[in-house]
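One-letter residues, chain by chain:
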Amino acid sequence: MDAFAERRVALVVGNDSYSSVPALKRAVNDSTSVAEALQEIGFDKVISMQNLTRSAFNRAVRDFSNELQEGDTAFFYFSGHGVAVGGNNYLLPVDFPEIKDGDDDRLVADESRSVASILEDVQARGAGRVFMILDACRNNPFPKVAGRSIGRSGGGLVSEKAVAGVFMLYSAGFGQQALDRLYEEDGKDADPNSVFTRNLLPLIKKPGLSQLDIAKQLQTSVRTLAATVQHNQNPAYYDQIEGYYVLNPKPVSQPEPAPPAKVAEDVSGQSGTPKSAPSPAAGASSASSDWQLIKELKQPEVFEAFKKKYAGDPIYETLADQQIALLKLSNPVVPPVRSVAPETECDRLAAHPFDLKKVAGVKGVDFSKIRPEAVEACESAVAQYPGEIRFEAQLGRALSKVGRDDEALVHYRKAADQGYAVAQSDIGFYYENGLAVPKDYDESYRWYRMAADQGYATAQYNVGVCYGEGRGVQKDDKEALRWWREAAGQGMALAMNSIGIAYQNGEGVKKDNVEAMWWFRKAVDGGHIGALYSVARLYEMGDGLPADREEAADFMLKALLSGDDFAKKQMDTDAQSWSLEFRRALQVRLRERGYYQGAIDGSFGSGTLAAINAVYGAGDD
């Protein structure tokens, strides 16, 4: 079986020879090594480019995207300088101009290539999945000019907004610098590749590794190597590819079969007892070795290839068949809805954003934004299409929003009895909170779990909460984290925020503020207001990552503008626990917005508190 019916196309770029920012020594080597590795594992087309100017970079991206056909796998690798500006990542060409007085962040957007724009070009061609690997998290290459810094302070890129079908791998975590080499002294580090890429190369070539296997093994190996020079570098990633994808699915090559054992002869010339006989388990040994390599993978085609290789071995054929069946059960394919009912006003007013069975093209509505007229629209849809269970669930949401919980439960049960995950999850919420039914945590967990097992993100998050708080199930922080990761993988910002909290507090995982920041930033990108305060606090603390009180003030202002109650309460009652530098920076921002006219002294008196009250909930004007 061919695991790759689609084509696999790569663009690999390495930039060393920068003219106006510090040159690098290993980026070109990195790119050529990665290109060779991709060719070795059978990529159909590998475009390898080095030391690209802006125009050449743009041309290379155009050629790359034009090479893609619908359903292809696209692979983009960049080694060189990158910088984050305004929440976006930009990759620098070698002819990036010299910084002059008066230049600001707009220069970066004008003279470099954004990661988001590359993704847009690739996905516009209908790529089935996209791998992006960025070894560009080095120090901010720009000097301060006239006291102003271009690009975010410190090392590292920022997390891109989660995009469906994309796996993004960064050479370092948020706020970290990726090492171009272990030692600054020439000749002391003989490896021709960067710390990240030298660890990436053998994983690309190793058969049977999924995208997550590569990411997790890289985190361990890079972190360990960087620690030998007292440096903190932990590659970060986000994964929006459905299921598991193996870059190199080739089975481990079998050793050449041993020649037949020589038969000893007795003195009479007749055949005697063999000195050594071939082991009856010789073939099984190879199968066992390959099975150990692939048994934890989640890609059915890998097990199909294994079956083909070891056809005739009943034990391993059975094991492979069992694994394929389990994967189909645990990862059901949700087909596109082929509904007899067209899109209606009920869909537009009351569909859930994470409903896997909502009509294609319908965005969905957060519960807090469901309008009263949704009730009438959904009652009409139920009457017109009595067999369409999605309308029963959406009517339940609309009725619940206006407080008609007894009626809502009736419609939820109709949909839940037919396996509709949204309705099952909402029934779980009713049992959790005692709405129209007695409060019952065991029953709440049971309904959440039914919906979660169908892949419904909201229910997956709530199952995580059940484990995190020990409601209806034994408390288990690791299991809570596992379920939150499942929900976050579908773009749920609330789950991303919970993962950030787990890393910040060391719950179910080793305490790691760098990883916490990474998840909080992803939650912010996903629209979670509460994560703004968390980002501000970590920038203020600088515990395990660079402190940046200017960035802390930026995010605190965003939290206040967004109407975050907790952020306002902290500034009203506990501002003195924040640094003087932060308080002054926040006063500057309040003055720039026209809310504050007093002294920039860090003293939160009546004038500052009045400004905070005025800016609270004002929106990002």
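Nothing here was measured: the structure is a model prediction, and the numbers come from that model.

## Some thoughts on the sheet that holds strand 5 (residues 88–91)
Within a sheet, adjacent strands bond to each other through the backbone by hydrogen bonds, running parallel or antiparallel. The three strands lie next to each other as 4-5-6, forming an open sheet whose pairing is antiparallel. Whereas interior strands pair on both sides, the edge strands pair on one side only; in this sheet they are strand 4 (82–85) and strand 6 (113–114). When strand 4 meets strand 5, the two strands line up antiparallel, connected through four bridges. In the strand pairing of strand 5, Gly82 is matched with Leu91.

## Some words on the environment of Lys357
Structurally, the position occupied by Lys357 is in the loop between helix 10 (345–350) and helix 11 (373–384). Overall, the relative accessible area of 35% leaves Lys357 in the partly exposed class. Separated by 63 residues in sequence, Lys357 and Tyr420 place their C-alpha atoms 8.5 Å apart.

## Focus: the pairing of strand 8 (residues 166–170)
Along strand 8, five of the five residues are buried, which leaves the element largely enclosed by surrounding structure. Here strand 8 shows a buried face lined by Val166, Met168 and Tyr170 and a second buried face lined by Phe167 and Leu169. By the bridge criterion, four bridges tie strand 8 to strand 9 (residues 236–239) in an arrangement that is antiparallel. Each residue of the ladder has a partner; that of Met168, found in strand 9, is Tyr238.

## Remarks on the packing of aromatic side chains
Using the criterion set out here, one finds 15 aromatic pairs in the structure. Considering the side-chain rings of Phe75 and Phe131, the 6.2 Å spacing of their centres and the 20 degrees angle between planes classify their relative orientation as stacked. A residue pair is termed long-range when its members are at least 10 positions apart, and Phe75 in strand 3 (residues 73–79) and Phe131 in strand 7 (residues 129–135) qualify at 56 residues. As far as the burial class goes, Phe75 and Phe131 line up, both buried.

## Observations regarding the packing of helix 1 (residues 27–40) against helix 5 (residues 195–205)
Where helix 1 meets helix 5, the closest approach of the two axes is 9 Å, and the angle between their N-to-C directions is 5 degrees. It follows that helix 1 is roughly parallel to helix 5 by the angle criterion. Packed against helix 1, whose contacting residues are Asp30, Ser33, Val34, Ala37, Leu38 and Glu40, the element helix 5 presents Thr197, Leu200, Leu201, Ile204 and Lys205 at the interface. Among the residues forming the contact of helix 1 with helix 5, the class breakdown is six nonpolar, two polar and three charged.

About the cut-offs
- Residues numbered from 1 in each chain as written.
- Predicted model: local features only at pLDDT ≥ 70, side-chain atom pairs only at ≥ 80, totals over all residues.
- Heavy atoms only, no water.
- Pairing = 2+ DSSP bridges.
- Helix = DSSP H or I, 4+ residues; strand = E, 2+ residues; numbered from the N terminus.
- Buried < 20%, exposed > 50% of the residue type's maximum accessible area, 1.4 Å probe, protein only.
- Phe/Tyr/Trp six-rings, centres within 6.5 Å; stacked < 30°, edge-to-face > 60°.
- Axes fitted to C-alpha atoms, helices over the stretch in contact; angles between N-to-C directions.
- Parallel < 35°, antiparallel > 145°, perpendicular 65-115°, else oblique.
- Contact = heavy atoms within 4.5 Å.
- Nonpolar A, V, L, I, M, F, W, Y, C, P; charged D, E, K, R; others polar.

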